[in-house]
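# Notes for the structure review
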Amino acid sequence: MAAEFIVEICDWTPEWAAEFRVRAAALRQALGEWALRIDHIGSTSVEGLAAKPIVDIQVSIAEFEPMDALVQAMAAAGYVWRADNPELTKRYFRETAGAKRCHVHIRLAGAWNEQWALLFRDYLRTHPAAAADYEAVKRALAAEHAHDRHTYTEAKADFLWATIREADAWAGEVGWRPRVSDG
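Summarised in this report is the structure supplied together with it. (Residues numbered from 1 in each chain as written. Predicted model: local features only at pLDDT ≥ 70, side-chain atom pairs only at ≥ 80, totals over all residues. Heavy atoms only, no water.)

### Looking at the state of the cysteines
Inspection of every chain in the model, using the stated rule, returns 0 disulfides. Cys102 supplies the cysteine sulfur nearest to Cys10, a cysteine that is in no disulfide, at a spacing of 15 Å. (Disulfide = S-S within 2.5 Å.)

### Here's the deal with helix H1 (residues 15-31)
Look at H1: 24 Å from first C-alpha to last across 17 residues, which is about the 24 Å you get at 1.5 Å a residue. Residues of H1 that are buried in the fold lie against strand E1 (37-41), strand E2 (55-61), helix H2 (67-76), strand E3 (79-81) and strand E5 (102-108). Positive phi appears at Gly32, one or two residues downstream of H1, with a value of about 55°. (Helix = DSSP H or I, 4+ residues; strand = E, 2+ residues; numbered from the N terminus. Expected span 1.5 Å × (residues − 1). Contact = heavy atoms within 4.5 Å.)

### Section: the packing of aromatic side chains
Scanning the entire structure with this criterion turns up 6 aromatic pairs. Relative to Trp161, the ring of Trp112 lies with its centre 5.9 Å away and its plane at 15°, an arrangement referred to as stacked. Separated by 49 residues along the polypeptide, Trp112 in helix H3 (residues 112-126) and Trp161 in helix H6 (residues 157-174) bring together distant segments of the chain. Since its relative accessible area comes to 58%, Trp112 is described here as exposed. For Trp161, a relative accessible area of 41% puts it in the partly exposed group. Ring geometry for Tyr123 versus Trp170: centroids 5.7 Å apart, planes at 65°, classification edge-to-face. Here Trp170 lies in helix H6 and Tyr123 lies in helix H3, a separation of 47 residues in the sequence. Comparing Tyr123 with Trp170 shows no difference in burial state: the two are buried. Put simply, the rings of Trp112, Trp116, Phe120, Tyr134, Phe159 and Trp161 pair up and form one aromatic cluster. A cation over a ring is seen here: Arg91 above Phe64, with NZ or CZ 3.9 Å from the ring centre. It is Lys138 that lies over the ring of Tyr134; its NZ or CZ is 4.8 Å from the centre. (Phe/Tyr/Trp six-rings, centres within 6.5 Å; stacked < 30°, edge-to-face > 60°. Buried < 20%, exposed > 50% of the residue type's maximum accessible area, 1.4 Å probe, protein only. Lys NZ or Arg CZ within 6 Å of the ring centre and 35° of its normal.)

### A few points about the layout of surface pockets
What the largest pocket holds in volume is close to 1600 Å³. Looking at the largest pocket, it is lined by 41 residues, and the ones nearest its centre are Glu87, Lys90, His105, Thr153 and Lys156. Going through the elements one at a time, strand E4 (90-95), E5, H3, helix H4 (128-144), helix H5 (149-155) and H6 are the ones with two or more residues in the lining of the largest pocket. No other element matches H3, which puts 7 residues into the lining of the largest pocket. (1 Å grid on protein atoms, 1.4 Å probe; cavity = no way out; pocket = protein on both sides within 12 Å on 5 of 7 lines; lining within 4 Å. Points joined across faces, edges and corners; volume = space filled by probe spheres on them.)

### A short note on the pattern of salt bridges
As enumerated under the stated definition, the model contains 9 salt bridges in all. Arg94 serves as the salt-bridge partner of Glu95, at 3.0 Å between the closest nitrogen and oxygen. Residue Glu95 is classed as buried on the basis of its relative accessible area, which comes to 10%. The residue Arg121 makes a salt bridge to Asp122 at a minimum N-O spacing of 2.8 Å. (Salt bridge = Lys/Arg side-chain N within 4 Å of Asp/Glu carboxyl O.)

Right under this line is the structure:
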């Protein structure tokens, strides 16, 4: 199987935050005010957390339409729309062929899935034990499903949902709100 499909978990590196900042600046330039928020999400956004070496970015916008204009703006920033992505509550973009792997999730501002990604990230950033538990789960699943990204991803679901329930309780206790956008 091609190396591109191997699930690899790498120790955290500050290079991921630096890569995000460069990519966010390019996205901000391409999208302008269309992008209400640009956030570093996923495991690479949590300092100290091992992850697949793929930066995930969430761009929050008011509307998906006009989609042609969004696709053109994202192409100017170096991303290709994955129109076949089955999750219809977001628009998913990836790097152009030959570029370093990156996932860009464009979601509607204030939507449940936009808030989910930010809450999960912030909870892990403020709860090192939960982040350590997540790392252990990811390393074990990567070892078990190294050649099957889909199964690896699906196998994390129980942990993710249990953690988001904890994060939701924490959010209520502290009055959590998404902080200022990363980019």
